[in-house]
Amino acid sequence: MTSKDHLRFSGEIRRVYANGKRFNGKFMTVFALATELPIHRFGITASRKAVGNSVQRNRAKRLVREAFRLNAGPLQELQQRYDYVFNARRSLLSEKAGAAVDDLRDIISRMSRAEEKRTEIDRATVK
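Rules behind the numbers
Residues numbered from 1 in each chain as written. Predicted model: local features only at pLDDT ≥ 70, side-chain atom pairs only at ≥ 80, totals over all residues. Heavy atoms only, no water. Helix = DSSP H or I, 4+ residues; strand = E, 2+ residues; numbered from the N terminus. Buried < 20%, exposed > 50% of the residue type's maximum accessible area, 1.4 Å probe, protein only. Polar contact = N/O pair within 3.5 Å; in protein donor to acceptor, adjacent residues only side chain to side chain. Contact = heavy atoms within 4.5 Å. Pairing = 2+ DSSP bridges. Expected span 1.5 Å × (residues − 1). Arc of directions from axis to C-beta. Phe/Tyr/Trp six-rings, centres within 6.5 Å; stacked < 30°, edge-to-face > 60°. Lys NZ or Arg CZ within 6 Å of the ring centre and 35° of its normal.

**Thoughts on the side chain of His40**
On the secondary structure map, His40 appears in the loop between strand 2 (28-35) and strand 3 (41-45). On the basis of relative accessible area, His40 is assigned to the buried category, the value being 5%. Side-chain polar atoms of His40 contact the backbone oxygen of Leu75, separated by 3.0 Å. At a separation of 3.2 Å, a polar atom in the side chain of His40 contacts the main-chain amide nitrogen of Tyr82. Apart from the residues lying within four places of it in its own chain, the contact partners of His40 are Asp5, Phe68, Leu75, Gln76, Leu78, Gln80, Arg81, Tyr82 and Tyr84.

**Things to note about the environment of Lys61**
Tracing the sequence through the fold places Lys61 in helix 2 (residues 54-70). Separated by 27 residues in the primary sequence, Lys61 and Ala88 place their C-alpha atoms 7.2 Å from one another.

**Concerning the pairing of strand 2**
Within strand 2, seven of the eight residues are buried, which leaves it mostly tucked inside the rest of the structure. Relative to strand 2, strand 1 (residues 21-24) runs antiparallel, the two sharing four bridges. When the sheet's bridge partners are listed, Asn24 is paired in strand 2 with Thr29. What sits between the antiparallel neighbours strand 1 and strand 2 is a turn of three residues. As paired strands, strand 2 and strand 4 (residues 81-88) are joined by eight bridges and run antiparallel to one another. Looking at strand 4, one finds that Thr29 is bridged to Asn87.

**Topic: helix 2**
The end-to-end C-alpha distance of helix 2 is 24 Å, a good match for the 24 Å that 17 residues give at a rise of 1.5 Å each. Turning to helix 2, its buried residues are Ala60, Leu63, Val64, Ala67 and Phe68. One side of helix 2 holds all its buried residues, which, seen down the axis, span an arc of 140 degrees.

**Digging into the packing of aromatic side chains**
The full count for this structure, using the stated rule, is seven aromatic pairs. Here Phe42 and Phe68 contribute two aromatic rings whose centre-to-centre distance is 4.3 Å and whose plane-to-plane angle is 40 degrees, an arrangement assigned as tilted. One end of the pair, Phe42, is in strand 3; the other, Phe68, is in helix 2, with 26 residues separating them in the sequence. Given a relative accessible area of 2%, Phe42 falls into the buried group. With centroids separated by 6.2 Å and ring planes inclined at 65 degrees, the aromatic side chains of Phe42 and Phe86 adopt a geometry described as edge-to-face. Here Phe42 is found in strand 3, whereas its partner Phe86 is found in strand 4, with 44 residues between them in sequence. Both residues of the pair, Phe42 and Phe86, belong to the buried class. Every member of this aromatic cluster is reached through a ring pair, and the members are Phe42, Phe68, Tyr82, Tyr84 and Phe86. The side chain of Lys21 reaches across the aromatic face of Phe23, ending 5.5 Å from its centre.

Here is the structure:
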């Protein structure tokens, strides 16, 4: 992961919140917005209200970052590239990193199915 992979500015994150599609998982909520960029980019939020003190928030962010890194293969299989904002949940803290990876993999598969439906609709309107 490089610094190019990260959403750095609040305006970028707000754009994803406002225009992106929401996917709820057991340990995180993901907002995804399709982009024309050649890479997937992400931002992570872990609020004090949702997760807890700074130690817990930093652990939650590390777990989400690791889940994103370990799901690089399934992410590349998506037809489109996205900007993501991950909102960590407190339940993530009671689990190992593998649970976050599996949760994100499930969200990616739902995104893939949504892409396929959108593609089918686009093909039907062209005919």
